[in-house]
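# Chain and residue survey
Below, each chain spelled out in residue letters.
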Amino acid sequence: MAEPAAPRKTDIGPPHYEQFLHPVIKKNYGKWKYHEYMKPGVMVHVSETGDKIYSIRVGSPRLISVDVIRMFADLADKYCDGYLRFTSRNNVEFLTDKEANIDPLIQDVQAGGYPVGGTDNSISNIIHTQGWVHCHSAATDVSGLVKATMDELYEYFVEMKLPHKVKIAAACCLNMCGAVHCSDIAILGIHRRPPQINDDSVSNVCEIPTTVSSCPTAAIRPTTVEGKQTVKVDGDRCMFCANCYTVCPAMPIADPLNDGVSIWVGGKVSNARSEPKFTKLAIPFLPNNPPRWPEVTDAIKKIVDVYAAGANRYERVGEWIERIGWPKFFDLTGFEFTKYHIDDFRHAGETFKRSAQIKFQ
Amino acid sequence: MAEPAAPRKTDIGPPHYEQFLHPVIKKNYGKWKYHEYMKPGVMVHVSETGDKIYSIRVGSPRLISVDVIRMFADLADKYCDGYLRFTSRNNVEFLTDKEANIDPLIQDVQAGGYPVGGTDNSISNIIHTQGWVHCHSAATDVSGLVKATMDELYEYFVEMKLPHKVKIAAACCLNMCGAVHCSDIAILGIHRRPPQINDDSVSNVCEIPTTVSSCPTAAIRPTTVEGKQTVKVDGDRCMFCANCYTVCPAMPIADPLNDGVSIWVGGKVSNARSEPKFTKLAIPFLPNNPPRWPEVTDAIKKIVDVYAAGANRYERVGEWIERIGWPKFFDLTGFEFTKYHIDDFRHAGETFKRSAQIKFQ
Amino acid sequence: MADHKLRETPLLDELKKGPWPSFVSDMKKMAERKPMVNDLLGQLELSYKEKKGHWKHGGLVGVMGYGGGIIGRYSDAAKEFPACAHFHTVRVNQPSGWFYTSAALRELCDIWDRHGSGMTNMHGSTGDCVFLGTTTDELEPIFAELTEKDWDLGGSGSDVRTPSCCNGMARCEYACYDTMDACYNITMEYQDELHRPAFPYKWKFKFSGCPNDCVASIARSDLSVIGTWRDEIRIDQAAVKEYADSGMEIRANVIRKCPTSCMSYDGKEITIDNKNCNRCMHCINVMPKALRPGTDTGATILIGGKAPIIEGALLATVLVPFIKMNKDDDYQEFKDLMERIWDFWDEHGVNRERIGECIERVGLGNFLEAIEVDPLPEHVHHPRTNPYIFYEEYFEEVDDAEAQKA
Amino acid sequence: MADHKLRETPLLDELKKGPWPSFVSDMKKMAERKPMVNDLLGQLELSYKEKKGHWKHGGLVGVMGYGGGIIGRYSDAAKEFPACAHFHTVRVNQPSGWFYTSAALRELCDIWDRHGSGMTNMHGSTGDCVFLGTTTDELEPIFAELTEKDWDLGGSGSDVRTPSCCNGMARCEYACYDTMDACYNITMEYQDELHRPAFPYKWKFKFSGCPNDCVASIARSDLSVIGTWRDEIRIDQAAVKEYADSGMEIRANVIRKCPTSCMSYDGKEITIDNKNCNRCMHCINVMPKALRPGTDTGATILIGGKAPIIEGALLATVLVPFIKMNKDDDYQEFKDLMERIWDFWDEHGVNRERIGECIERVGLGNFLEAIEVDPLPEHVHHPRTNPYIFYEEYFEEVDDAEAQKA
Ligand code: SRM
Ligand code: SRM
Ligand code: SRM
Ligand code: SRM
Ligand code: SF4
Ligand code: SF4
Ligand code: SF4
Ligand code: SF4
Ligand code: SF4
Ligand code: SF4
Ligand code: SF4
Ligand code: SF4
C-alpha cells in the first residue's frame, strides 16, 4: 500500500474541552454551589465565588442540518459570547452570565421555531436513533415517530407540571441504540416475522457456523437447498431479535406487513431513591402507521396522562407503578394484559409474582 | 398375584380431624376473635362468643419415642381433657379451657425435662430432617446439630426477648427436606468432593442416560472402563449437588474428610411486610465436628446476637440485613466474604449489585 | 434390665447434656427394651466417629397395592449392627392440623411399639406422622392394624404427597377459609393419586389460612393455598385506643412498617386505604384485637414452590389471585383447576421435573393458556423487560393484514 | 432555486405540522441545495409508503489506518434515488461534555457542507457528532480537513467507542470528580484501541459525576464511572430553614422519600445517619442549597452495562465501590485496572460477547480473582441463594485435612 503524501495526522483525539468553556465556567470550574430553575428551560447555577451562569435549554430534533447548527451558532454569538453546548438528550444549551440576555434569546429562539424547556419536572427531548433515515436494521422510523410524539407532548416540554422528570426514548430495532431499556417510557420498533432466507446467497455472504451460533434460541440450523449450503429457521423458536441478520445479510427480517412498534414503561437510570431499573412491556404491538403513528402517540399520551393524574411529586413513572401495582397500571391505561407480557426468556421465573401480597381493587 | 384373604381396607385416608378437637374449639370453630400472649409459650385465643382456649407450647426434639408420646398423652389427660396437637414446627401444644390448669401443667412438663416457650418474638423449634439417623444422603447429622444448637439458644426459646420471631431450619443435604431455603437462619449439610464412581456396578444398578442427564451442570459423561460401561465426572464442573447419587447408587458422594456444614441467613416465608424471600449464604463451609459442632453453634449464636442487638422490633433477620446492607452484616459478624458467596449458577447475574447505591461505613 | 448388651456411645452421650430435651437420652431408654434402637445408637455412634452415614441407597419396599408410604432403608454396617439391618420408615397420614386426642396417640404408639423401633418423628417435614425403623416383614401387619383403626399411609415417590394445613379456623382468628376441611377433603379426593405414584415427580399440597403462611406453603409446596380477603380490613377503633393506652407505639410498629404506606393514624383512629393494601397481615398481626381481615374471604392459589434440586429453589408463583374455597360445592372450582393442571403435567412434564420447573421451561404464558386461565398482571412481579417476544402470528398476505384491520 | 427537481413527499409533509421543530422542514430546505438530501427525502417517502427501510446491509468503508469511525451505507433503491446511493456516516469525536464555541461549530459545518449531505445528528447516542451521508470518495478529504482543524474520528466496530461524560464540574454542583478531564484523558490514552478494533466486541466508557448518572452510564456502558463520596453529606441548616419557609414540604418530599430512612427532621434541622445513607442523591437533588455531597469524593466503577443483544439487557454491576479518580497521577489506578480487565477479556472473551455477558458466563467471582480484585459484599445485591457452590478444593488424604486444621 502506498504511503500518504504528507505525514498523516492521526490519533489526535478530540479537541481539549477547555477552549470551549465560557470564561465564567472556566473560572468556577468545580466550584458550583447550587442551582435554581428560573422558569421552564432556564437554570441558574451559582458558584461559591458568587458568580452565576445561566443556561437556556432549547429543544432540537437532533437530526439537523448545518444551517440549523449555524443558526444556533449565530444566536450564541449574539447573546452568549459564542458559548453553547449540547446535552446528553440532544438539546442545545445556551450559556451566558448576562441575565438580561435570557428573554431576548428566548424570543429569537422561539421565533426560529425552536422551543425552550425540558428542565426539571418536564418531558425533555426523546433519545432516539436512525430508523429508515439511515439504518439497515430499522423496523420503524424513529425520526417521524419522535416528531409526532413530541408534537403531542409539547406542553410537557415547555412547562414544568409533571410529578417528576419523564425520560422517553425510542429505538428502531431490538439493538436499542437509544436508551429504551431503562426509560420512563420507551418506543421500540419490532419485527414479528422470522427472517426470510436468501438461499442463493447465504453461502457467499455469510459464514454459516457464525450465523447458526448467532441465534440466542438456537432456531437456526444449517441445511442444503438445491445443492447450495444455506440455513433454515425454526419459526416456532424465533423471537425476531434479528441478531442473525446482523451477522448474515442474506437473512433480511424487515417486513412491511408485520413490523411495528411496542411500548415500554417504568425504567430509570438514576440512583435517586430507587435503584436503576429496566423498562417493562406495556403494549406488545401497535401497527406501523406513518407518517404520524396515531396509535403510538395516543398510547404514550395515555400513559403520561394517568401518570400526571396519579403520581406523587418526585415519583418517576416506574416508582409510581410499583406503588400502585401493575394490575392498577393496566386498569388505569386500559391496555390489555396478554401472555406476551409474561416473560418467557432466560430468567423469566425471576419476574413471576412469588408472594401472596396482592391488591384487590 | 394372590388376592388378600379379607377384603382389604385401603385408601381410607386420615381420620377426620373433628373427632380430635377440644369441645371449646369445636364450638368456636371459625369464630376466634383475637389472641394474646400470656407468657412465653402460653397463648389465649378469645372467641366472638367470649369463650377462651389456652394453648401451652412445649419444645420437642421431634425424634421421640412412643414413651415420650405417651407421656404427653398422660399430661393431656391430666390437664386438657385429653386434647393436644403438634405444630408445623414439631412443638407440642396442650389445649385447655381451664386457666387454672396452665401452671400445674407447665410444672409437670418442665419436670419431665421439656421446655415451654417458642411463641411470639422467640426462637421456636428448629425444623429438621433425618441426618445419619435415617437418610442415605446425609452430609451431616441434624438431630445432633439441632440439639447442640437449641442448647445454645435455649434462653431465646423460653423467653420472648428478640426483635421478632427467628425461624431456624436444618437439613442434612442439598435436597433441603427442611425449610432451609426460606429461613431466618439455616444450617445445611454439604458435600465438597465429586462423587466416587463404582465403575463395576454402574451399568448394573443405574440407567446410564438417566444418570448423565441428571447432572444440572452436565459434568457427567458416559465412558467405558476396562470394558464396562460406566460414567465419569468432570470434577471442575461438579458443584456437589448429589442429584446423580439420588438416581444412581453407584456414585456415592458422602466423604468424611470433605463433608461439612454451611450457614445461611435472611430468608422468610410469611408475607408480612416484605415478600417471602430465600435464605442467603453466610458461611460456605464449617467442618463436621460431632458430637456438638462448636463452630456451627458459635456462628449461629453470633448471628442471633448481632440481630438481637441491631434489629428493630418486628424486623425479621432478612429485613434487618436488607436495611443495614450485606456489607454491614459481614462486618458485624466478622464472617469472611469470599468468592463462594457470589452466585455463579443459572441466574447469578440477578444477584449482582447493579446500582451506585452504596453505603460507606 | 435389657436382655442385650447396651452399646457404648461416648460421643452421643455428650448430647445428653444441656437444657434442650435430648433425643439421645430418649433413645438410650428405648434401647433398653428395643435391640433395634440399641443397634441404631451403635451405628449412629460410628457415624459420629467416622463423620459419615451408614445407610445404603434406597430400597424398594411397600405394602400391597400401594406405591408409596414406606421408605426402605438398609444398613451398610449390618454385620456390626444386625438389629437395624432393616430400618424402614412408615409415613402415616396425620389428621388435619395435627390435632390428636391422647387416645388416638396411644393407639398409634401401641401399634408401633408392637411392630417397630418405637422411635418416631412427630412429625415429618411434609407433615406425616413418621414411624422410624422396622423390618420388611412387619409392614403388612402394621398396615392392617393402622387401617383397622382408621389410619392410612401418606405419600412418597412421584405421587401426591401427604397434604398438610395450619390449624386455621380451629384455633386462629386469621383463617380466611377452612384449611382443615379443605386439606381433609382434598386428601380424600386424591387417595388414588396419593397411594399410587403416576406423576412425573412428587406433588405437594399445603393449606395456610392467611398470608402468614404458617405451613410455609409458598416455599414448600407445588400447590399452595393461602387464605386472603377482597374487601376491607375490619377496624375496631376502641381497641386501637386500648392498644395506644397500653403503650403500643402504633406509628413506629404499625403505620411505618406497612409495606404499601396505605395506613394512617391521627393519634386516635387508624385509616386504611384498602385498595392499596396488599394483605400482608402485618398490621393485623400486631393489633389482632383492633384489626381483622375482611369478610369477603377466600384464597390465593400459588403454584410451583420447591427446594433447590434440580434447577434451584422456587417460591410458588401466583396462579389464581382470588378463589372462593367453597365447601358447599365440594371445592369443585379448585378440583376442576387441578384436573386441567394435571392433564397439562401429564402431557408436558418430564421425569423428575417438578411442576414449577416445568412451567418455567414451557413458559408461564403457555401454561396458563393450556389450563385455560387468563393471563393477569397479578401473575407477574412485573411485565417482561426483554424484547424477545414470541409473537405467535404474522401476516403472510396484504389481505390478511387488511382483514385484521377491519 | 434548486437546480434539481424536488421530490414530492406528501406523507413526510404531514410531519412539517405541529409545534415541535420538524426535521422534514429542515431537510426540505437542505434538499434545495443538496441533491443527496433531496433523494434521501424521496427514499424516506418511499419507506413511509411501503413501511420498510431501503438501506442495504452494512458496507465496509473507512479512512486509511483506521478500522472504525465510518458507517458504510448503500441504498437498495439507488436507481430511483441515485444521489443517495452512497450514504455513509462519519462519527466525529465530540469534545468532553459537548461544549462548543460558535466558531468550532461553524468549522465543522463548513467541512461537512463541502463534503457531505449537510445533515447531522447532534449527537449520536454514543455521543459522537455524527455527519450523516456522504460518498466513499469524500471520506479521505473529510478526514484530512477534520484533523487539520484538530478533530478526530470516534469509534465503531469492536473497539473502544467514543467515551462520553456529563458536564460535571463545568456546570454542576454535584460532580464528585472531574468527569470532563477523566473522559478526555481516557479518550487520549486509548486512541489506538479507539481507532483499531481488536476486541471481541465493542467497549463503551461513560463518566457521570454523581449517582444521578446524567449520561446513563450504568445502562449504556461497559465501564461506567459514577461519582460518589465517602464522608458525610454537608448540611446548611440555615438553607434548610429557607426551604421550609418558602413552603417546601420537607417531610413528604425529602425525609419520607429517603430510601434508607436514614434522615430525620425535627421541624427545624435535618439530621442524617450517614453510615446508612446509600448516596442515592434524592435529598440533595431536592434541596441543593441546603445539602451537598461530602468532600471525600471519588467514584464507583461499574462494569458490563448494555442493550439486550444477545442474552438480554444488563445494568452494569459494581466493580470498585470507591476509587479516587486522581488527575495528579494521571488516573493510574484506573488504567491499571483497565489493563487487567482487557487482558482477561482478551483471553476469555468470545466474538460478539460484551464484557457483561462474558463475566456472567465465567462467573463474577472468577472474574474478580482473575483481575485481582478482592470479592466484597458490595459486589452483590445479596449473597447466593442456591447451594450450588463450586468449592475449589477438597482433601484427598486425612493428613491434608489435619494439616489444614493446624
Ligand atoms: C444537562 C444534563 C447533563 C449533560 O451533561 O448533558 C443534565 C443536567 C442536570 N441534571 Fe440530569 N442531566 C441530563 C440528563 C440526565 C439523565 C440522562 C438521560 O436523560 O438520558 C438522567 C438519568 C435518567 C434516568 O434516571 O432515567 C438524569 C438524571 C437526573 C436526576 C435524577 C432524577 C430522578 O429523581 O430520578 C437529577 C435530579 C433531579 O432531577 O432532581 C438530575 C439533575 C440534573 C441537574 C439539576 C444537575 C445540576 O445541578 O446541574 C441538571 C439540570 C437538570 C434538568 O434538566 O432539570 N439529573 N439527567 C442532561 C440534560 C438532558 C436533557 O437535555 O434533558
Ligand atoms: C402453631 C402454628 C401453626 C400450626 O398450625 O402449627 C402457628 C401459629 C401462629 N402463628 Fe404462625 N404458626 C406456626 C408456624 C409459622 C410459620 C411456619 C414455620 O415456622 O416454619 C410461619 C412462617 C415462617 C416464616 O415467615 O419464615 C409463621 C408465620 C407467622 C407470622 C408472620 C411473622 C412475620 O412477621 O414474618 C405471624 C404473625 C406474627 O408473629 O406477628 C404468625 C402468627 C401466628 C399466630 C399468632 C396466629 C394466631 O393468631 O393464632 C399463632 C401463634 C404464633 C406464635 O407462635 O407466636 N405466624 N408461623 C405454627 C407454630 C410453629 C411453632 O411451633 O413455632
Ligand atoms: C422424611 C423427610 C425428612 C424429615 O426428616 O422430615 C424426607 C426425607 C427424604 N427426602 Fe425429602 N423428606 C421430607 C420432606 C421434604 C420436604 C419438606 C416438605 O415436604 O415440606 C422437602 C422440600 C420441599 C420440596 O418438596 O421441594 C423435601 C425435598 C426433597 C428433595 C428435593 C426435591 C426438589 O424438588 O428439590 C428430595 C430429592 C428427591 O426427590 O430426589 C428429597 C428426598 C428425600 C429422600 C427420599 C432421600 C432421597 O434422596 O431419595 C429422604 C428419605 C429419608 C429417609 O431415609 O427417610 N426430599 N423433602 C420428609 C418427609 C416426611 C413426611 O412425609 O412428613
Ligand atoms: C448511530 C447510532 C444510533 C443513533 O442514531 O445515535 C447507532 C447505530 C447503530 N448501531 Fe448502535 N448506535 C448508536 C449507539 C448505540 C447505543 C447507545 C450508546 O452507545 O450509549 C447502544 C446501546 C448501548 C450498548 O452499547 O449496549 C447501541 C447498541 C447497539 C447494538 C446492541 C449491542 C448489544 O450488545 O446489545 C447493536 C448491534 C450490534 O452491535 O451488532 C448496534 C448496531 C448498530 C448499527 C451499527 C447497526 C448494525 O446492526 O450493525 C447501527 C448503524 C446505524 C447507521 O446506519 O448509522 N448498536 N448502539 C449510535 C451511535 C452514534 C454515535 O457514535 O454517537
Ligand atoms: S436501533 Fe436498530 S435500527 Fe435503530 S439505529 Fe440502532 S441498530 Fe439501527
Ligand atoms: S431473528 Fe433472532 S431468534 Fe429469529 S432466527 Fe434470527 S437470531 Fe434466531
Ligand atoms: S435433607 Fe437430604 S439427607 Fe436430609 S433427609 Fe432430606 S434427603 Fe435425606
Ligand atoms: S454431584 Fe451434582 S454436579 Fe456433581 S456430578 Fe453429580 S449431579 Fe453433577
Ligand atoms: S396461616 Fe394464618 S390462619 Fe393459619 S395459623 Fe397461621 S396465622 Fe392462623
Ligand atoms: S395488611 Fe399490610 S399492607 Fe395492608 S394495611 Fe396492614 S400493614 Fe398495610
Ligand atoms: S451526573 Fe451528577 S454531576 Fe453529572 S451533570 Fe448529572 S447531576 Fe451533575
Ligand atoms: S442521599 Fe439518599 S439515602 Fe442518603 S440521606 Fe439523601 S435521600 Fe437518604
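Our subject in this report is the structure included herewith. Remember, it's a predicted structure, so these values are computed and weren't measured experimentally.

### Concerning the site of ligand 5
Lining the immediate surroundings of ligand 5 are T129, Q130, C135, S137, A138, C172, C173, N175, M176 and C177 of chain A. Broken down by class, the residue content of the shell around ligand 5 amounts to six nonpolar, four polar and no charged.

### Some remarks on the sheet that holds strand β3 (residues 52–58) of chain B
In space, the six strands of this open sheet follow the order β1(B)-β2(B)-β3(B)-β6(B)-β5(B)-β3(C), with antiparallel pairing throughout. Every interior strand has two partners, whereas the edge strands, β1 (32–39) of chain B together with β3 (99–101) of chain C, have only one. Strand-to-strand twist of the sheet, defined as the mean angle between neighbouring strand axes without regard to direction, takes the value 25°. Inspection of the sheet shows β1 of chain B paired to strand β2 (residues 42–47) of chain B by six bridges, in the antiparallel sense. For Y37 of chain B, the partnering residue across the bridge sits in β2 of chain B and is M43 of chain B.

### Quick look at the coordination of the iron atom of ligand 3
One donor from the polypeptide reaches the iron atom of ligand 3: C177 of chain B (SG), at 2.3 Å. Within the element layout of this structure, C177 of chain B appears in the loop between β7 (168–171) and β8 (185–190).

### Focus on the pattern of salt bridges
Counted by the stated rule, this structure contains 112 salt bridges over all chains. A salt bridge links K328 of chain A to D331 of chain A; the nearest nitrogen and oxygen atoms lie 3.9 Å apart. Remark: D331 of chain A and K328 of chain A occur in helix α10 (residues 326–333); sequence separation between them is three residues, near one turn of the helix. D331 of chain A sits in the partly exposed class, given a relative accessible area of 44%. Of the charged contacts in the structure, one is a salt bridge between K339 of chain B and E392 of chain D, with a shortest N-O distance of 2.6 Å. With K339 of chain B in the segment after α10 (326–333) and E392 of chain D in the loop between α15 (364–370) and α16 (398–405), this residue pair bridges two chains. With relative accessibility at 14%, the residue K339 of chain B sits in the buried group. Residue classification places E392 of chain D among the partly exposed residues on the basis of a relative accessible area of 48%.

### Observations regarding the site of ligand 10
Every residue near ligand 10 is listed here: I233, C258, P259, T260, C262, M263, I272, C277, N278, C280, M281 and C283 of chain C. Grouping the amino acids of the shell around ligand 10 by side-chain chemistry returns ten nonpolar, two polar and no charged.

### Re the state of the cysteines
Residues and elements named next belong to chain A. Counted by the stated rule, this structure contains two disulfides over all chains. Between the sulfur atoms of C206 and its disulfide mate C248 the distance is 2.0 Å. Judged by the sign of its S-S torsion, about 70°, the bond between C206 and C248 is right-handed. Linking C206 in the loop between α5 (199–205) and α6 (208–213) with C248 in the loop between α7 (243–247) and β11 (260–265), this pair joins segments that are 42 residues apart in sequence. In this structure C248 comes out as buried when scored by relative accessible area, which is 0%.

### Looking at the interface of chain C and chain B
Contact residues are listed per partner, giving 115 residues for chain C and 113 residues for chain B. Its largest share of buried area at the contact with chain B, chain C owes to W20, H57 and R171 of chain C, together 10% of the area lost on that side. On inspection of chain C and its partner chain B, the count reaches twelve salt bridges. Between E311 of chain C and R346 of chain B there is a salt bridge, with its nearest N and O atoms 2.6 Å apart. There are 68 residue pairs in polar contact (both at pLDDT 80 or more) connecting chain C and chain B. A per-element tally of the side of chain C that touches chain B places helix α4 (residues 102–115) of chain C first, with eight residues.

Reading the values: the criteria
Residues numbered from 1 in each chain as written. Chains lettered and ligands numbered in written order. Predicted model: local features only at pLDDT ≥ 70, side-chain atom pairs only at ≥ 80, totals over all residues. Heavy atoms only, no water. Near = heavy atom within 4 Å. Nonpolar A, V, L, I, M, F, W, Y, C, P; charged D, E, K, R; others polar. Pairing = 2+ DSSP bridges. Helix = DSSP H or I, 4+ residues; strand = E, 2+ residues; numbered from the N terminus. Axes fitted to C-alpha atoms, helices over the stretch in contact; angles between N-to-C directions. Donors = N, O, S within 2.8 Å, 3.2 Å for Na, K, Ca; no water. Salt bridge = Lys/Arg side-chain N within 4 Å of Asp/Glu carboxyl O. Buried < 20%, exposed > 50% of the residue type's maximum accessible area, 1.4 Å probe, protein only. Disulfide = S-S within 2.5 Å. Contact = heavy atoms within 4.5 Å. Buried area = accessible area lost by both parts, 1.4 Å probe. Polar contact = N/O pair within 3.5 Å; in protein donor to acceptor, adjacent residues only side chain to side chain.

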